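Each chain, written out:
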Amino acid sequence: MHRLVALTLALSFGGTALAADVDDARLKSADADRGNWLSYGRDYGNQRFSPLTQISKANVKRLVPRWIYQSGVNGTFQATPIVADGVMYVSLPFDHVVAIDAKSGRELWRYQHRRRTEKMCCGPANRGVALAYGKVFIGTVDARLVALDAKSGKIVWDAPLVDDPFGGTTERADQLAADDPLRKQKVSGSTGVGANMAPIVYDGKVVIGITGVGYGLHLDSDRPDAPLGAVVGIAGQSQRAGFYAAFDAATGKRVWQFDSTSPTAWEGQFRTHTPDGEPLQRDIAREKATFAQHADAWKRGGGSAWTTPAVDAERGLIFLGIGNPSPQVDDVTRPGDN
């Protein structure tokens, strides 16, 4: 859970431990770059497929550890390491970042993230960093986007994603049914906003989204290395809707923002069946009758951004996914298909 293991077949290994110079041209041609893994999905299409053939079905049984890097951090480890020109950049739980000599496992530098709050909306895990223009970019559990110098790990700029990531309504265990066993568990507190996806860099911009806007009861885990146990969907109000935003890679200035829910036509259609013909068991008359009472539900509609987008560089398009409606289970305040 808290270490990196490098495996080898004692075959050739190229590269030297030098800070990588990754520009737009390299990112756009990442699919043809066999010796590096330059972004979360390896290429802009997020194919996550390596064309290397050095390890095969015939020799995989010969894999043995070459080095082990101990991070010193206990927590859920979900990151995809970025490898460029012999250097591995990886985010640790709680948003610390390390640069490692990929050949020897020697730590080159370490960024120690200092959270502005002890509360986390979605646990300590981080899914990775982005590398470009001499910088390493990471989204944090306290809703910030941080740019680090790729050679030293020192902060270049630090941009907030939202003004108050942990304001708003606080969940309570007594909102659950009296006989619900979850009422006895420890609650971590109010809904918060964070970012745990790996950012993506394109054309001078860093794109990232926020998580935690699906309102729910956050329960502490009984495991010491997993502070967040579960999120139970209950009725309530999240602080805001989710979004993806782009920031200038050089300055950290916000360039644009796409909100997960639209102020118009967010309700969709009042369908009685799925596109495949399955009945939805909905009370359409009730939904239409109460729609006017919830006309502003889009403002707190959820739509967390969990996954790094894919980019079609030829057409200038970004493909992204959103999820987690708010409230997560109770749909009384969001009539329509939304």
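Structure: see above.
Residues numbered from 1 in each chain as written. Predicted model: local features only at pLDDT ≥ 70, side-chain atom pairs only at ≥ 80, totals over all residues. Heavy atoms only, no water.

### Digging into the overall build of the protein chain
Thinking step 1. Across its full length, the protein chain carries 2 helices and 21 strands.
Thinking step 2. The buried share of the protein chain, taken over its 338 residues, is 46%.
Thinking step 3. Counting only contacts in the protein chain whose residues sit at least 6 apart along the sequence, the fraction spanning at least 24 positions is 63%.
Thinking step 4. Element-wise, carbon and sulfur atoms account for 52% of the exposed surface of the protein chain, whose accessible area totals about 16700 Å². (Helix = DSSP H or I, 4+ residues; strand = E, 2+ residues; numbered from the N terminus. Buried < 20%, exposed > 50% of the residue type's maximum accessible area, 1.4 Å probe, protein only. Contact = heavy atoms within 4.5 Å. Areas by Shrake-Rupley, 256 points an atom, 1.4 Å probe, with all protein chains shown as cover.)

### Regarding the sheet that holds strand S12 (residues 200-202)
Thinking step 1. Taken together, 4 strands build an open sheet; the order of strands is S12-S13-S16-S17 and the sheet is antiparallel. With partners counted over all chains shown, the strands left at the sheet margins are S12 and strand S17 (254-259), one partner each. Averaged over neighbouring strand pairs, the angle between their axes works out to 20° when direction is ignored.
Thinking step 2. In this sheet, strand S16 (residues 243-248) lies alongside strand S13 (residues 205-209) in antiparallel orientation, the contact comprising 5 bridges. Looking at the pairing, Val-207 lines up with Ala-246 of S16. (Pairing = 2+ DSSP bridges. Axes fitted to C-alpha atoms, helices over the stretch in contact; angles between N-to-C directions.)

### Description of the pairing of strand S6 (residues 107-111)
Thinking step 1. Taken together, the 4 bridges between strand S5 (residues 97-101) and S6 define a ladder with antiparallel strand orientation. Each residue of the ladder has a partner; that of Ala-99, found in S6, is Trp-109.
Thinking step 2. The loop that links S5 with its antiparallel partner S6 comprises 5 residues; one of these, Gly-105, has a positive phi angle of about 80°.

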